[in-house]
Amino acid sequence: MSRLPVGRTVAVASISLIVLAGCATPPEEDAAAESDFCAVMVTNSGGLEDRSFNQSSWAGLQEAEESLGLAAQVLVSTSETDLAPNVQSAVDTGCSYVLTVGYELAAGTAEQAELNPDVDFAIVDEIVEAPNVKPIVFHTAQAAYLAGYLAAGVSTSGIVATFGGGNQPPVTLFMDGFVDGVAKYNEVHGTAVVALGWDKVAQDGTFTGDFEDTAKGLATTQAFIDQGADVVLPVAGQVGEGAATAALEAGGVSIIWVDNDGYDTLPAEFRPIILTSVLKNTGDAVIASVGDSQSGAFTNDSYIGTLANEGVGLAPFHDLEASVSPELSAEIEALRASIVDGSVQVTSPSAPN
């Protein structure tokens, strides 16, 4: 399997279990005291309240706690120096299952997996090759393809845009799918909608250089708006909230969110400008993985979320449903079916396999 790094992205979680910030020591009370099986999650340096894959992964582990009767806890990383020590601390809890989130934790996961062959590890949005590590990855280009087609179909200016937090495969995977979806709309309708911010052939485009600075997202999106863009896809974690601010202030501009439904995870003030979201169903994948560990059925086979297995998809159009004609909606559904049956191929050099 090839190595697949990932960028951090963004969502809000309610924390009802044990949360250890930074490189904390394991809890004094053994989590297994409350259950015969326990699981620990380690966030990347974006922290738990990232409006993205940390939140959705933790939500999945919380749901598993309720449905499977296991004990769960989370170690929150707030900087890069917390990462490897927190994976070590997760192992030190004595729990049988450790979930890590993002490419930053790949090295620490690989190291601890080798040292602790009896512990089951899973890692979200990254490939780690080891007999006791299960990669949980997503072909987000498939759903982003639908989002690009949608964006081209609702744009009144004929200009849409995308940008990323960093030039990393899990970020550019969204961008590849988005621009290809715009191109597909142009092919079908004989239009010339322009997609700013990403050149798939060159594998280069517009990046803010980080995943936290919302001011950069605002400035980048405003630059796109100044060029006429009226639909923008930010793939940049918390930076994307700045994009939403720019769209809200401009008027007549909508945002497509990523990872989870931005209509639910962003502040309510942004709901009127959220067209849809490119979803990764991280929670269900986590539940299945930890359940397999609990039952003794755990394997290191990669989970790859696709449109076919509903691991990726599009969120509802919510408040902007009226801007999507029944005809366009039907075209998107037909396109989804064509991707699922293989008659339309969505390709990207960053696609998981």
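Position numbers for residues count from 1 along each chain, tracking the sequence in the order it is written. Whole-chain, interface and lining totals are the exception, using all residues; otherwise, since this is a predicted model, local features are given only for residues with pLDDT of at least 70 and side-chain atom pairs are given and counted only at 80 or more. Only heavy atoms go into the side-chain values, all of them from the structure, while hydrogens and water stay out.

Chemist: Would you mind going over the state of the cysteines with me for this structure?
Modeler: Note on terminology: disulfide describes a covalent bond linking the sulfur atoms of two cysteines. Here, two cysteine sulfur atoms that lie within 2.5 Å of each other are counted as a disulfide. Counting across every chain of the model gives one disulfide. In this model, Cys38 is linked to Cys95 through a disulfide, with the two sulfur atoms separated by 2.1 Å. What sets the handedness of the Cys38 and Cys95 disulfide is the S-S torsion sign, and at about -115 degrees it is left-handed. Here Cys38, found in strand S3 (residues 38–42), pairs with Cys95, found in the loop between helix H2 (83–92) and strand S5 (97–101); they are 57 residues apart in sequence, far enough to count as distant. Each member of the pair, Cys38 together with Cys95, is buried. Strands here mean DSSP runs of E at least two residues long; helices mean DSSP runs of H or I at least four residues long; both are numbered from the N terminus. Type-normalised accessible area, obtained with a 1.4 Å probe on protein chains alone, sets the label of each residue: buried when under 20%, exposed when over 50%, and partly exposed for intermediate values.

Chemist: Got a minute to help me understand the packing of aromatic side chains in this structure?
Modeler: Centre-to-centre distance and the angle between the planes together describe a pair of aromatic rings. Any Phe, Tyr or Trp ring, taking Trp's six-membered ring, that has another such ring centre within 6.5 Å forms a pair; planes under 30 degrees apart are called stacked, those over 60 apart edge-to-face, and the others tilted. Within this structure, the stated rule accounts for four aromatic pairs. Aromatic pair Phe138 and Tyr303: ring centres 5.9 Å apart, planes at 70 degrees, arrangement edge-to-face. Residue Phe138 is located in strand S7 (residues 133–138), and its partner Tyr303 is located in strand S15 (residues 303–305); the two are separated by 165 residues in the primary sequence. What makes Tyr303 partly exposed here is its relative accessible area of 22%.

Chemist: What's the story with unusual backbone geometry in this structure? I'm lost.
Modeler: We note that Gln203 has phi near 55 degrees; this positive angle belongs to a residue other than glycine. Secondary-structure assignment places Gln203 in the loop between strand S10 (198–199) and strand S11 (204–205). Here Gln203 falls in the partly exposed class, since its relative accessible area comes to 23%.

Chemist: I would appreciate a short explanation of the packing of helix H1 (residues 53–68) against helix H9 (residues 282–295) in the present structure.
Modeler: Helix-helix packing: each pair is described by the crossing angle between the helix axes and the interaxial distance. Between H1 and H9, the least distance of the axes is 8 Å, while the angle of their chain directions is 45 degrees. As judged from the angle between their axes, H1 and H9 are oblique. At the point where H1 passes H9, the crossing takes the right-handed sense. Contacts from Ser56, Ser57, Gly60, Leu61, Glu63, Ala64 and Leu68 in H1 reach Thr282, Gly283, Val286, Ile287, Val290, Gly291 and Gln294 in H9. Three categories are distinguished: nonpolar for Ala, Val, Leu, Ile, Met, Phe, Trp, Tyr, Cys and Pro, charged for Asp, Glu, Lys and Arg, and polar for the others, with Gly belonging to the last. Split by residue class, the contact of H1 with H9 holds six nonpolar, seven polar and one charged. Each axis is a line fitted through C-alpha atoms, taken for helices only over the stretch in contact, and angles between the N-to-C directions span 0 to 180 degrees. Angular relationships are summarised with four words: roughly parallel below 35 degrees, roughly antiparallel beyond 145, roughly perpendicular across 65 to 115, and oblique for the angles in between. Rotating anticlockwise by less than a right angle from the far helix to the near helix defines a left-handed crossing, while the corresponding clockwise rotation defines a right-handed one. Contacts are assigned to residue pairs that have any heavy atoms within 4.5 Å of one another.

Chemist: I tried to follow the nonpolar core on my own but got confused; where do I start?
Modeler: Across soluble globular proteins, you tend to see nonpolar side chains buried next to one another. Ranked by size, the top nonpolar core spans 66 residues in total, and within it Leu61, Tyr97, Phe178 and Ile256 carry the most contacts. Considering every element that reaches this core, the biggest residue donor is helix H4 (residues 140–154), with 11 residues. Judged by nonpolar contacts, the second largest core, of 22 residues, contains Phe224, Val253, Ile255 and Tyr263. To form a nonpolar core, buried Ala, Val, Leu, Ile, Met, Phe, Trp, Tyr and Cys residues must be joined to one another through side-chain atoms within 4.5 Å.

Chemist: Help me out: how do you make sense of the environment of Val133 in this one?
Modeler: By the element assignment, Val133 lies in strand S7. The buried category is assigned to Val133, whose relative accessible area is 0%. For the pair formed by Val133 and Gly311, sequence separation is 178 residues and the distance between their alpha carbons is 19 Å. Excluding residues that lie within four positions of it along the chain, Val133 makes contacts with Thr109, Ala113, Phe121, Ile123, Val128, Phe298 and Asn300.

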